[in-house]
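Results of the structural survey
Residues per chain, in single letters:
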Amino acid sequence: MANILITPDVFGWAISNITSEIIKHQKHRFNFFHYPIHPRGVAVNVAPIAHLLKEKKIDLWHAHYWHSAQQAMEICESLKTIPKLLTHHNHYQLEKSDWRNFDALTIATHYGENILKSKHDRVFHIPYGVDLDRFSYIGDYNAEGVIGYIGRVIDHKNLHKITEAAAKLGYKVKGSGFIDKPDYWKQVGHKEVLEWHGNEGRGGMMPAKFKDEAYKQMTVFCMYSTGEKETGTLPLLEAMARGIPVIATKQGMARDLIVDGENGILFEENEFEEKLKMIMENKELRQRLRERAWETIKHYSWEKISRAYARAYFKTLYPAKHLISVIIPTHNRADNLLKSIMAIEAQGYPAKEIIVADDGSTDHTGMVIAEAKKRIQTPLICIKTQNEGYGLAKARNMGILEALGEQIVFLDDRLILKENALENIATYNGERIWYWGGKIAKGKLSTKREFVENFSWCRKKDISDMGLFNERITAYGGMSQEIRERAKRFGIQFQYAEEAQAEATIHSEKKRSEIWKGKLILNKMYE
């Protein structure tokens, strides 16, 4: 599988939390090498990376801080030769460069996206995510009079303005993080209203579980960031997920997520006290905001966001190619499955992934897949249906859901792609067209021209629109007919593409004892 070097600034804080989530949810698709590069320690941090580059072929570098990334390239020339994806984590430096020494850029906000698109032709808007299991919705929400603050103590986060307003209006502030700027901390007044948890430096942070519990004691969460130095913040997303009403400046993702008065409160600096009092004193408003905030944030799981990063990896590696996902359902054909996988690996078309949907195999299929992962460059993903009986539709559907490709190829485990098959498949990529290729059996190209889905392809959007494969087809013999009839009702046409060919290495026999059962299911459905 492809090797991805991913470099946060330092382990244990916000950016490394992001990179860790990407790795957690995409490690089945890529091999990750996770190394920090802090801008104040680039020379020291780059040394192990330089050693890594001598030992491993790195296919893509995902850098997470522009300054340290640029310094690293000056120290380690080899980094300049690797395809590079840079994620920006603040706005105020976006005008600094045209960023052409990176192949592609990502940023979490539309504000930043618009700036970068004026400078670079490959920019991906990928918002931050949140762990919706860890930061679950708080049902018993009853804290009163407490303003929440999570983050570093640094001037652009304006803790001093929050404590000042709290003292004036008669509220408390509960905060957690670390003191990044001790001189600024000395300037934070009204500490009599502040319950602070954390000390100087990153090592002064409280354990993660403390933050999780701290949300329960907040009436509202406040993000008072200024100066375009945020693209998040992550605690803003966490508070929304936990059901804590949020009040925020028009900075970072708050611009994109919050509709003022609907799922949160946005404020200008000159209206902070007025809007803070409004939300703190109106319990009905807070209840409405927190419920609607969760309806917003439920679409920002890290599982979903990590898939957007995976797509960005493919588009950075293969900018002129669309991704093809080849789905192979299998059951107890381990040796032939390996041949099928290796034939896909040998295809000249590079933007591809293989998804094996194991439908209850009891042979050495798992061992074959594990060994193949070590041998091939193509991402190889295995999912298990945990199915009993004929589960072909479910296996394919699970593969479709996992697939990142714009184009989906359905390939039986007894078929081996012939040379240039994927290149030809890539040229047949029309909207609302389901293609099928030529099948070779016993050395001869089949003369049958009736659509069969076991070597076929279409756009993922098209099969998703028509509801995927029908899992009520629980017997062999009805799948192709059912999909043909349903696809036609959705306006999908069928087209034979003989240039793309696959060869059968196992020759199936007619399963007459099963076929009649499949036809009976169809009859019951459509009688």
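Everything here concerns the structure above.
**Some details on the overall build of the protein**
A tally of regular secondary structure across the protein gives 19 helices and 21 strands. In terms of its C-alpha atoms, the protein occupies a principal-axis envelope of roughly 85 × 60 × 40 Å. The 527 residues of the protein split such that 56% are buried. In the protein, once contacts between residues fewer than 6 apart in sequence are set aside, the share between residues at least 24 apart is 72%. Counting every atom, the protein has about 23100 Å² of accessible surface; 49% of that belongs to carbon and sulfur. The averaged location of the 68 negative side-chain charges in the protein is 4 Å from the averaged location of its 76 positive side-chain charges.

**Description of the pairing of strand β7 (residues 146-153)**
Here β7 lies mainly inside the structure; 7 of its 8 residues are buried. Where β7 meets strand β8 (residues 172-179), 8 bridges bridge the pair, whose relative direction is parallel. If you follow Arg 152 over to β8, its bridge partner there is Phe 178. Between β7 and its parallel partner β8, the chain crosses via helix α5 (residues 159-169), and the hand of that crossover is right-handed. The pairing of β7 with strand β10 (residues 220-223) spans 2 bridges and is classified as parallel. Of the residues in β10, the one forming a bridge with Gly 148 is Phe 221.

**Things to note about the environment of His 507**
Note that His 507 resides in the loop between β21 (493-504) and α19 (512-526). Taking relative accessible area as the criterion, His 507 reaches 41% and is therefore assigned partly exposed. Sequence-wise, His 507 and Leu 415 are 92 residues apart; in three dimensions their C-alpha atoms are separated by 9.5 Å. Contacts of His 507, omitting those with residues within four sequence positions, involve Ala 441 and Lys 442.

**With respect to unusual backbone geometry**
Look at the link from Gly 232 to Thr 233: it is a cis peptide, with omega at 5°. Summarising the element assignment, Thr 233 is placed in the loop between β10 and α8 (234-242). One non-glycine residue, Trp 99, lies in the positive phi region at around 60°. Structurally, the position occupied by Trp 99 is in the loop between β4 (84-88) and β5 (104-107). Despite not being glycine, His 190 has its phi angle at roughly 55°, a positive value. Secondary-structure assignment places His 190 in the loop between α6 (182-187) and β9 (194-197). The exposure class of His 190 is partly exposed, given its relative accessible area of 38%.

**As for the sheet that holds strand β6 (residues 123-125)**
If you walk across this open sheet you meet the 6 strands as β2-β1-β3-β4-β5-β6, and the pairing is parallel. Pairing within the sheet leaves two strands with one partner each, and these edge strands are β2 (31-34) and β6. Sheet twist, expressed as the average angle between the axes of neighbouring strands with direction ignored, equals 20°. Bridge count between β4 and β5: 4 bridges; the pairing is parallel.

**Regarding the nonpolar core**
In terms of nonpolar packing, the biggest core is built from 84 residues, with Tyr 215, Phe 221, Leu 236, Tyr 313, Leu 411, Phe 455 and Trp 457 touching the most fellow members. Of the residues forming this core, the biggest block, 8 residues, is contributed by helix α12 (residues 302-317). Beyond its immediate sequence surroundings of up to four residues, Tyr 313 is in contact with Ile 4, Ile 6, Ile 22, Phe 30, Phe 32, Leu 60, His 62 and Leu 85.

**What to know about the pattern of salt bridges**
Scanning the entire structure with this criterion turns up 37 salt bridges. Between Asp 121 and Arg 100 there is a salt bridge whose closest N-O contact spans 3.7 Å. Of this pair, Asp 121 sits in the loop between α4 (110-117) and β6 while Arg 100 sits in the loop between β4 and β5, and the two are 21 residues apart along the sequence. Classification of Arg 100 as partly exposed rests on a relative accessible area of 47%. A salt bridge links Glu 406 to Arg 459; its shortest N-O distance comes to 4.0 Å. Of the two residues, Glu 406 is situated in the loop between α15 (392-402) and β16 (407-411) and Arg 459 in strand β20 (residues 455-459); the sequence distance between them amounts to 53 residues. The exposure class assigned to Glu 406 is partly exposed, which follows from its relative accessible area of 36%.

**Here's the deal with the packing of helix α13 (residues 334-345) against helix α14 (residues 365-375)**
At a minimum axis distance of 9 Å, the contact between α13 and α14 shows a crossing angle of 20°. Considering their axes alone, α13 and α14 lie roughly parallel with respect to each other. As α13 packs across α14, the resulting crossing turns out to be right-handed. The segment α13 lies against α14, with Ala 334, Leu 337, Leu 338, Ile 341 and Met 342 engaging Thr 365, Val 368, Ile 369, Ala 372 and Arg 375. When grouped by side-chain class, the residues that make up the contact of α13 with α14 number 8 nonpolar, 1 polar and 1 charged.

**Description of the packing of aromatic side chains**
Applying the stated criterion across every chain yields a total of 25 aromatic pairs. Consider the rings of Tyr 149 and Trp 196, whose centres lie 6.0 Å apart with planes at 55°: the pair is tilted. With Tyr 149 in strand β7 and Trp 196 in strand β9, this pair connects stretches of sequence that are 47 residues apart. The pair Tyr 149 / Trp 196 is uniform in exposure class, with both members buried. Through successive ring pairs, a cluster of aromatic residues spans Phe 410, Trp 434, Trp 436, Phe 451, Phe 469, Phe 494 and Tyr 496. Looking at Lys 229, its charged tip hangs above the ring of Tyr 92, at a distance of 5.3 Å from the centre.

Reading the values: rules and limits
- Residues numbered from 1 in each chain as written.
- Predicted model: local features only at pLDDT ≥ 70, side-chain atom pairs only at ≥ 80, totals over all residues.
- Heavy atoms only, no water.
- Helix = DSSP H or I, 4+ residues; strand = E, 2+ residues; numbered from the N terminus.
- Buried < 20%, exposed > 50% of the residue type's maximum accessible area, 1.4 Å probe, protein only.
- Contact = heavy atoms within 4.5 Å.
- Areas by Shrake-Rupley, 256 points an atom, 1.4 Å probe, with all protein chains shown as cover.
- Lys, Arg positive; Asp, Glu negative; His and termini not counted.
- Charge placed at Lys NZ, Arg CZ, Asp CG, Glu CD.
- Pairing = 2+ DSSP bridges.
- Right-handed = clockwise from strand over helix to strand, strands pointing away.
- Axes fitted to C-alpha atoms, helices over the stretch in contact; angles between N-to-C directions.
- Core = buried A, V, L, I, M, F, W, Y, C linked by side-chain atoms within 4.5 Å.
- Salt bridge = Lys/Arg side-chain N within 4 Å of Asp/Glu carboxyl O.
- Parallel < 35°, antiparallel > 145°, perpendicular 65-115°, else oblique.
- Left-handed = near helix turned anticlockwise from the far one by under 90°.
- Nonpolar A, V, L, I, M, F, W, Y, C, P; charged D, E, K, R; others polar.
- Phe/Tyr/Trp six-rings, centres within 6.5 Å; stacked < 30°, edge-to-face > 60°.
- Lys NZ or Arg CZ within 6 Å of the ring centre and 35° of its normal.

Note that all results are geometric; they support no functional claim without further evidence.
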